[in-house]
Amino acid sequence: DKEVAKNFEAKFLCFHLEILDPGCFSSPYHYHEQEKELVIVLEGEATLRQNNKFRKISAFDLIFFPTG
């Protein structure tokens with residue numbers, strides 16, 4: 001993660017690439033009090049959980065989560 005940010009000379013932006021196997025979760029349900037989060041689906045599809053609601057997301061979807 002840090003190396004990707006370093007390559008782009010990003011000081012306040014972190015990158016994380018995650019490849020999920022079918023039926024797996026990316027992380028436990030959480031939120032950030034001090035960070036924004038951006039999710040970009042590169043290929044395939046997944047189920048997004050936000051505020052105890054679920055929706056399908058797929059390739060080229062971009063989802064923005066504000067702080068909190």
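Scroll up for the structure.
Residues numbered from 1 in each chain as written. Predicted model: local features only at pLDDT ≥ 70, side-chain atom pairs only at ≥ 80, totals over all residues. Heavy atoms only, no water.

Once that is clear, we can look at a nonpolar patch on the surface. Taken together, the side chains of Leu17, Ile19, Leu38, Ile40, Leu42, Leu62 and Phe64 make up a nonpolar region of the molecular surface, amounting to roughly 820 Å² of accessible area. Elements with a minimum of two residues in the nonpolar patch: strand S1 (37-40) and strand S4 (62-65). Mapped onto the fold, phenylalanine 64 is located in strand S4. (Patch = residues over 30% accessible without salt bridge, like charges linked within 9 Å, V, L, I, M, F, W, Y side chains within 5 Å. Areas by Shrake-Rupley, 256 points an atom, 1.4 Å probe, with all protein chains shown as cover. Salt bridge = Lys/Arg side-chain N within 4 Å of Asp/Glu carboxyl O. Helix = DSSP H or I, 4+ residues; strand = E, 2+ residues; numbered from the N terminus.)

For the rest of this paragraph, the subject is the pairing of strand S2 (residues 45-50). With six bridges joining them, S2 and strand S3 (residues 53-58) adopt antiparallel strand pairing. Across the sheet, the residue bridging to alanine 46 is isoleucine 57, located in S3. Counted along the chain from S2 to the antiparallel partner S3, the turn is two residues long, and its residue asparagine 51 has a positive phi close to 55°. (Pairing = 2+ DSSP bridges.)

On to the nonpolar core, then. Formed by Val41, Leu48, Ile57, Ile63 and Phe65, the largest nonpolar core amounts to five residues. Discounting chain neighbours no more than four positions away, the residues touching leucine 48 are Lys53, Phe54, Arg55, Ile57, Ile63 and Phe65. (Core = buried A, V, L, I, M, F, W, Y, C linked by side-chain atoms within 4.5 Å. Buried < 20%, exposed > 50% of the residue type's maximum accessible area, 1.4 Å probe, protein only. Contact = heavy atoms within 4.5 Å.)

A few words now on unusual backbone geometry. Phi at asparagine 51 takes a positive value of approximately 55°, unusual for a residue other than glycine. Even without a glycine there, the phi angle at phenylalanine 60 is positive, about 75°. Locating phenylalanine 60 in the fold gives a position in the loop between S3 and S4.

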